[in-house]
Amino acid sequence: MTEIAKKPIKITETILRDAHQSLIATRMTTEQMLPIVEKLDQVGYHSLECWGGATFDASLRFLKEDPWDRLRKIRDKAKNTKLQMLFRGQNILGYRPYGDDVVEYFVQKSIANGIDIIRIFDCLNDLRNLETAVKAANKEKGHAQVALSYTLGDAYTLEYWTNIAKEIENMGADSICIKDMAGLLLPYTATELVTALKETVKIPIQLHTHYTSGVGSMTYLKAVEAGVDVIDCAMSPFALGTSQPATEVMVETFKGTPYDTGYDTKLLEEIADYFRPIRDEALESGLLDPKNMGVNIKTLIYQVPGGMLSNLTSQLKDLHAEDKYYEVLEEVPRVRQDFGECPLVTPSSQIVGSQAVMNVVGGERYKMVTKESKDLLSGHYGKTVKPFNEEVQKKCIGDAEVITCRPADLVPNELETLEAEMAQYKEQDEDVLSYALFPQVAVDFFKYREAQKTKMDATVADTKNGAYPV
Ligand code: CO
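Residues numbered from 1 in each chain as written. Predicted model: local features only at pLDDT ≥ 70, side-chain atom pairs only at ≥ 80, totals over all residues. Heavy atoms only, no water.

## As for the overall build of the chain
Thought 1: When helices and strands are tallied, the chain shows 20 helices and eight strands.
Thought 2: The globule rule puts the C-alpha radius of gyration for 470 residues at 23 Å, and the 23 Å found for the chain is close to it.
Thought 3: By the burial criterion, 56% of the 470 residues in the chain qualify as buried.
Thought 4: When contacts within the chain are restricted to residue pairs at least 6 apart in sequence, those whose partners lie at least 24 apart make up 75%.
Thought 5: Of the roughly 20200 Å² that the chain leaves accessible, carbon and sulfur atoms contribute 52%.
Thought 6: If the 53 positive side-chain charges of the chain are averaged to one point and the 70 negative ones to another, these points end up 1 Å apart. (Helix = DSSP H or I, 4+ residues; strand = E, 2+ residues; numbered from the N terminus. Rg over C-alpha atoms; globule rule 2.2 N^0.38 Å. Buried < 20%, exposed > 50% of the residue type's maximum accessible area, 1.4 Å probe, protein only. Contact = heavy atoms within 4.5 Å. Areas by Shrake-Rupley, 256 points an atom, 1.4 Å probe, with all protein chains shown as cover. Lys, Arg positive; Asp, Glu negative; His and termini not counted. Charge placed at Lys NZ, Arg CZ, Asp CG, Glu CD.)

As structure tokens, this is what we get:
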């Protein structure tokens, strides 16, 4: 066993991405972020996570902001700190596998606009779905971090994780992240997992968890002692609950030890002071639901991410079947087993969750089957760790063809077609990528942007004509 070097722990700050995604439905605006970015930049963080699928989608859809513009503005103010994003493998930030040319172009443009570190994950841990993005990040001289979608189950032994870590290192990743989206990683298991990974690979190991189940800070402590290199934390006003453990708490915990971050406590206090009124406002408006702030022990018992629990609740409500909640919760692990014991993270969490609802509400298992379930069972999302339940597969897809190749091999290059479809709206190269990911939402945004400009031009003309009162 190798001796673990004790060294200062590094922190990725998630307040500009995961923290507000987890607690306030990704509604923090660029305007709210910008005044504090320079201070965040002074802390000395390993990186600032600021971009991902939900931030991109919510910017366009709800905030009527250009996500590319947000990225450039943050980059402009964060001169010293690496900027980080989350990337869904071949699905980029969307929900379907894209042609390789779109994946490559997205990586290229993300880096050109200011991203340094791209955290790439796949909901089935099928590394073939990550290859194109990793290669593209290597080519653009970005940092390619591959995330293991962490989950529990018979198939997920230490050997499974170390084998996959070795493969990730060999495919050219610069670091590995243990992505524990549900807060399932317990402190002593973290010791075992981090120790095993550190003994297997040379590249740095980062740990990402959520506080949902209440063990997050303890898990970080044990992981740091076991030699993990970086932990993901959120400034206290948007920490805990379904978000990350608090930055200030972890900084204080390691003070005076070999793991001391050396961050300036006073500076952190000023940053927290800035975000606190934003939190208060969100509480008052109902955007921040106190339900998301406590410990949800059901995530440990049923092993499902917090976000999935709230999705199930709203699906059942729509079907007037709220009384079936616990039946559905018990059905989730059974569906997951039928579906090859996949991790539960976007989009597999939605696929398994919706199917579990149908199995219970429909009165017969797999009588009603979603399109996504059929796609998963015919290999269109990739390879699962265990084989599918053959009986279930037969019932759901009949004699339809099952593919075993890399799903994106069946998706032709599509950038040119996409360019042609949206040419009339194009104001910058990046627009085609926004359109590729969220076609309808992007077009609505482009129209809004156009209308705003016309309105502004009119104002300028009015002012020139002296129409404004002096
Ligand atoms: Co997360």
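## Let's talk about empty space enclosed by the protein
Thought 1: The tally for this structure, following the rule as stated, stands at three cavities of 30 Å³ or more.
Thought 2: Taken together, 13 residues form the lining of the largest cavity, with Arg88, Asn91, Asp122, Asn129 and Tyr381 sitting closest to its centre.
Thought 3: Its residues placed into classes, the lining of the largest cavity shows six nonpolar, five polar and two charged.
Thought 4: If you add up the space inside the second largest cavity, you get close to 40 Å³.
Thought 5: Forming the boundary of the second largest cavity are Tyr150, Thr151, Met181, Ala182, Leu184, Gln303, Pro305 and Leu344.
Thought 6: Residues belonging to the lining of the second largest cavity are distributed by class as follows: six nonpolar, two polar and no charged. (1 Å grid on protein atoms, 1.4 Å probe; cavity = no way out; pocket = protein on both sides within 12 Å on 5 of 7 lines; lining within 4 Å. Points joined across faces, edges and corners; volume = space filled by probe spheres on them. Nonpolar A, V, L, I, M, F, W, Y, C, P; charged D, E, K, R; others polar.)

## Some words on the side chain of Arg449
Thought 1: Relative to the assigned elements, Arg449 resides in helix 20 (residues 439-464).
Thought 2: For Arg449, the side chain forms a polar contact with the side chain of Asp431, separated by 2.8 Å.
Thought 3: Each residue touching Arg449, except ones within four places of it in the same chain, is listed here: Asp66, Tyr425, Glu427, Gln428 and Asp431. (Polar contact = N/O pair within 3.5 Å; in protein donor to acceptor, adjacent residues only side chain to side chain.)

## Some remarks on unusual backbone geometry
Thought 1: In this chain, Thr346 is followed by Pro347 through a cis amide linkage whose omega measures 0°.
Thought 2: Notably, Leu240 is not glycine yet its phi reads approximately 65°, a positive angle.
Thought 3: One can find Leu240 in the loop between strand 8 (230-233) and helix 10 (247-253).
Thought 4: The backbone phi angle of His320 is positive, close to 50°, even though this residue is not glycine.
Thought 5: Relative to the helices and strands, His320 resides in the loop between helix 13 (306-318) and helix 14 (325-338).
Thought 6: A residue is classified by how much of its surface remains accessible, and His320, at 70% relative accessible area, is exposed.

## Considering the sheet that holds strand 8
Thought 1: Spatially, eight strands are ordered 1-2-3-4-5-6-7-8 in a closed barrel, and the strand pairing comes out parallel. For this sheet, the mean inter-axis angle between neighbouring strands, taken without regard to orientation, is 30°.
Thought 2: In this structure, strand 1 (residues 10-13) lies alongside strand 2 (residues 47-51), joined through two bridges in parallel fashion. Residue Glu13 lies in a different strand from strand 2, and its bridge partner there is Leu48.
Thought 3: Packed onto the sheet, helix 7 (residues 158-170) meets strand 5 (143-149) and strand 6 (175-180) and runs at close to 160° relative to strand 5.
Thought 4: Packed onto the sheet, helix 9 (residues 216-225) meets strand 7 (205-209) and strand 8 and runs at close to 170° relative to strand 7. (Pairing = 2+ DSSP bridges. Axes fitted to C-alpha atoms, helices over the stretch in contact; angles between N-to-C directions.)

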